[in-house]
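Given next are the chains, with one letter for each unit.
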Amino acid sequence: MGTDHDHDHPHEHPHEHDHSHSHGSHVHPPQPGIGERPLRIGIGGPVGSGKTTLVGALCQLLRDELSLAVVTNDIFTTEDAQALRRAGVLPEDRIVAVETGCCPHTAIRDDIAANLDAIEELEARLDAAGTAVDVTLVESGGDNLTAVFSTGLVDAQIFVLDTAGGDDVPRKGGPGVAMADVLVINKVDLAPYVGADVERMLSDAAERRPGRPVVPTSLVDPSGADVLADWIRDELVAWRSGVSATVTV
Amino acid sequence: MTSAATFLLADGRFPAGGHAQSAGVESAVRFGDVSDLATLERYLHGRLSTTGVVEAAFAAASSGADDVRLDVLGAELEARLVSPRAREISRRLGRQTMRAARAAWPSDRLDHLARSVGGSHQPIVLGVMVGGAGGSPLDAATLVLHHLSAAVTSAAIRLLALDPIAVLALQVRTLPMIDAIVVEAPVWADAEPAALPAVGGALTEILAQDHASWDARLFVA
């Protein structure tokens, strides 16, 4: 982990993925500081929408080519750590939990001090161990639709909604739905069982966030997160080339 | 001071990670030491007169201190924190305060503290920050106890669903106690670091150590 990846060579995508649409409209001049530290990706969304499952899937899809670290704001128990370790998702020393005093949104938006401290400490520790981090995933505790990551904490963010959590949620909107770089409508496989209209969720979401991507997923198998793993690969390339704007999915 | 800066420093939204601190209340609730308004008030009195006095004294003593004195104060405060966990938390909070302080009131003294390995202890960073903002030793000591009172009470509101208006009245009842503690601030400002109060509660440290071993925590400490 982390020793076999090579910054100089672009990765091979495991499946067909058209890059031609990804970078075309992002011709921003490089900004100082950008790309000089690991890329930080926030993953937010309501309780039970599948944030932890998505983190696990992304780790499984990316761990062989990238050095990953995870900072979780979920109420993280030894059991969770053991589950991740048993599944071989990520070694335990690459995962750090941050307590949020019962207010997950405060810790990612209003007062990011504890998360920044934890991220910097974890990244520095792995760097000192000779396994410099490429991407740090910051998982928010489950919260409401207004939760959004501060741009002082992460470079790009994913907001995860649950198909079974009500198909009117994308219409309700809120900063999380509107501002996230990628909106994920997860558990679409459950739609027939809960009477949810996925097409309506996707079109409502698109209306709330014009020009920003909405991705339907089912994470019963980690491959359901393939498109998001590709997005992170593209983000990392853009980040390292000094481009601040996020690429499209 | 009583300037606009005072209110910024006292604001619960000050972005230094204080919102996730319970000042031991999460432990106290689990062990049944705090369960209602009466026991919360007793707990707050206990913290103010033990760890509160020590931290207020070191903040007051740091507010106008030069680099040499700051280093001695750091070592003296370290000696007063017996539990490794209490030391770790104090340094972590110091780093978090430092981040905001250097952006808000940058100074050579803050830069000096930032260079110490692992970061400086919270009360010392806070004292230097208050000094840099134009505040007095009295302001620094008062601010420490204000934030301690806020951490204890807001954590109790969240963990026990207490009535926040009744809790506010409780805080007001403890104000004379805070005022009585901080009258010492001018003395602390010039005192030999070794002579500063050393009355941190043993139970506080034991509970902090135990809290660190929990399988799942809502608050940092």
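Residues numbered from 1 in each chain as written. Chains lettered and ligands numbered in written order. Predicted model: local features only at pLDDT ≥ 70, side-chain atom pairs only at ≥ 80, totals over all residues. Heavy atoms only, no water.

Enquirer: Before we move on, could you go through the overall build of chain A and cite the residues and values that matter?
Expert: Of the regular secondary structure elements, chain A holds nine helices and seven strands. Sequence separation of 24 or more characterises 81% of the internal contacts of chain A that already satisfy a separation of 6 or more. For chain A, the accessible area works out to roughly 10600 Å², and carbon and sulfur atoms hold 53% of it. (Helix = DSSP H or I, 4+ residues; strand = E, 2+ residues; numbered from the N terminus. Contact = heavy atoms within 4.5 Å. Areas by Shrake-Rupley, 256 points an atom, 1.4 Å probe, with all protein chains shown as cover.)

Enquirer: Can you explain the overall build of chain B? Please cite residues and give values.
Expert: The secondary structure content of chain B amounts to 12 helices and zero strands. Element order for chain B, N to C, with α for helix and β for strand: α-α-α-α-α-α-α-α-α-α-α-α. Considering only C-alpha atoms, chain B reaches an extent of 45 × 35 × 30 Å along its principal axes. For chain B, the proportion of its 221 residues judged to be buried stands at 52%. As displayed, chain B offers around 9500 Å² of accessible surface, 62% of which is attributable to carbon and sulfur atoms. Charge-centre separation for chain B: the mean point of 18 positive side chains lies 6 Å from the mean point of 23 negative side chains. (Buried < 20%, exposed > 50% of the residue type's maximum accessible area, 1.4 Å probe, protein only. Lys, Arg positive; Asp, Glu negative; His and termini not counted. Charge placed at Lys NZ, Arg CZ, Asp CG, Glu CD.)

Enquirer: Tell me about the interface of chain A and chain B, residues and numbers included.
Expert: In this assembly, 20 residues from chain A lie in contact with 20 residues from chain B. For the pair chain A and chain B, the summed buried surface comes to about 1600 Å²; carbon and sulfur atoms form 51% of the total. When residues of chain A are sorted by the area they lose upon contact with chain B, Glu99, Asp111 and Asp117 of chain A head the list and together hold 36% of the total. Counting across the chain A and chain B interface gives four salt bridges. Across the pair glutamate 121 of chain A and arginine 95 of chain B runs a salt bridge whose closest N-O atoms are separated by 3.5 Å. Across the chain A-chain B interface, the total number found is eight residue pairs in polar contact (both at pLDDT 80 or more). When contributions to the side of chain A that touches chain B are tallied by element, the ones reaching two or more residues are α2 (78–86), α3 (104–110) and α4 (113–128) of chain A. Per-element accounting of the side of chain A that touches chain B gives the leading share, six residues, to α4 of chain A. (Buried area = accessible area lost by both parts, 1.4 Å probe. Salt bridge = Lys/Arg side-chain N within 4 Å of Asp/Glu carboxyl O. Polar contact = N/O pair within 3.5 Å; in protein donor to acceptor, adjacent residues only side chain to side chain.)

Enquirer: So, a nonpolar patch on the surface: which residues are in play, and what are the values?
Expert: Taken together, the side chains of Leu168, Val172 and Leu175 of chain B make up a nonpolar region of the molecular surface, amounting to roughly 270 Å² of accessible area. Overall, the relative accessible area of 41% leaves leucine 175 of chain B in the partly exposed class. (Patch = residues over 30% accessible without salt bridge, like charges linked within 9 Å, V, L, I, M, F, W, Y side chains within 5 Å.)

Enquirer: Give a description of the pairing of strand β5 (residues 156–162) of chain A that names residues and reports values.
Expert: Residue and element names in this part refer to chain A. Most of β5 is tucked away, with seven of its seven residues classed as buried. Going residue by residue along β5, you find Ala156, Ile158, Val160 and Asp162 tucked away on one face and Gln157, Phe159 and Leu161 tucked away on the opposite face as well. In this structure, strand β1 (residues 39–44) lies alongside β5, joined through four bridges in parallel fashion. Its bridge partner lying in β5, glycine 44 is registered against phenylalanine 159. (Pairing = 2+ DSSP bridges.)

Enquirer: Just give me the short version of the pattern of salt bridges, but keep the residues and values in it.
Expert: If you walk through the whole model with that rule in mind, you get 25 salt bridges over all chains. The shortest N-O distance in the salt bridge between arginine 240 of chain A and aspartate 134 of chain A comes to 2.7 Å. With a gap of 106 residues between them, arginine 240 of chain A in helix α9 (residues 226–240) and aspartate 134 of chain A in the loop between α4 and β4 (135–139) connect regions that are remote in the sequence. Under the relative-accessibility criterion, arginine 240 of chain A is labelled partly exposed at 35%. Relative accessible area serves as the criterion here: at 0%, aspartate 134 of chain A is assigned to the buried category. Across the pair arginine 13 of chain B and aspartate 11 of chain B runs a salt bridge whose closest N-O atoms are separated by 2.8 Å. Take arginine 13 of chain B: its relative accessible area is 68%, and that puts it in the exposed class. Residues joined in a network through salt bridges with shared partners are Asp167, Arg171, Arg200, Asp204 and Glu207 of chain A.

Enquirer: A description of the packing of helix α7 (residues 122–132) of chain B against helix α8 (residues 137–160) of chain B should follow, citing residues and the corresponding values.
Expert: Residue and element names in this part refer to chain B. Between α7 and α8, whose axes approach to 9 Å, the crossing angle comes to 130 degrees. One element, α7, and the other, α8, form an angle in the oblique class. Note on packing geometry: the crossing formed by α7 with α8 is right-handed. Residues Leu126, Gly127 and Val130 of α7 lie in contact with α8, whose contacting residues are Asp139, Ala140, Leu143 and Val144. (Axes fitted to C-alpha atoms, helices over the stretch in contact; angles between N-to-C directions. Parallel < 35°, antiparallel > 145°, perpendicular 65-115°, else oblique. Left-handed = near helix turned anticlockwise from the far one by under 90°.)

Enquirer: Talk me through the packing of aromatic side chains; I want residue IDs and the actual numbers.
Expert: A full pass over the atoms with the stated rule returns zero aromatic pairs over all chains. Positioned above the aromatic ring of tryptophan 214 of chain B is the side chain of arginine 30 of chain B, whose terminal nitrogen or guanidinium carbon lies 3.5 Å from the ring centre. (Phe/Tyr/Trp six-rings, centres within 6.5 Å; stacked < 30°, edge-to-face > 60°. Lys NZ or Arg CZ within 6 Å of the ring centre and 35° of its normal.)

Enquirer: Go over the sheet that holds strand β3 (residues 95–97) of chain A with me, naming the residues and quoting the values.
Expert: Residue and element names in this part refer to chain A. Taken in spatial order, the seven strands make up an open sheet running β3-β2-β4-β1-β5-β6-β7, and their pairing is parallel. For this open sheet the edge positions go to β3 and β7 (214–216), each flanked by a neighbour on one side alone. For this sheet the average axis-to-axis angle between neighbouring strands, irrespective of direction, equals 20 degrees. Docked against the sheet, helix α1 (residues 51–62) engages β1, β2 (68–72), β4 and β5, running at close to 165 degrees with respect to β4. Of the strands in this sheet, β1, β4, β5, β6 (182–186) and β7 touch α9, which is tilted by about 145 degrees from β1.

Enquirer: Any chance you could break down the nonpolar core for me, citing the residues and the numbers?
Expert: Counting 60 residues, the largest nonpolar core has Leu9, Leu40, Leu73, Leu145, Val152, Trp188 and Leu196 of chain B as its most contacted members. Looking at which element gives the most residues to this core, the answer is helix α3 (residues 37–62) of chain B, with 12 residues. Counting 32 residues, the second-largest nonpolar core is a separate cluster that includes Ile43, Leu58, Val135 and Val184 of chain A. (Core = buried A, V, L, I, M, F, W, Y, C linked by side-chain atoms within 4.5 Å.)

Enquirer: Quick rundown of the environment of alanine 20 of chain B? Include the residues and the values.
Expert: Among the secondary structure elements, alanine 20 of chain B is positioned in the loop between α1 (4–10) and α2 (25–30). Discounting residues that sit within four places of it in the chain, alanine 20 of chain B has contacts with Glu99, Thr100 and Gly101 of chain A together with Phe219, Val220 and Ala221 of chain B.

Enquirer: Any details on the side chain of serine 63 of chain B? Residues and values, ideally.
Expert: Position of serine 63 of chain B relative to the elements: it lies in the loop between α3 and α4 (67–80). With near-sequence residues (within four places) excluded, serine 63 of chain B lies in contact with Arg109, Gly127, Val128, Gly131, Ser136, Pro137 and Ala140 of chain B.

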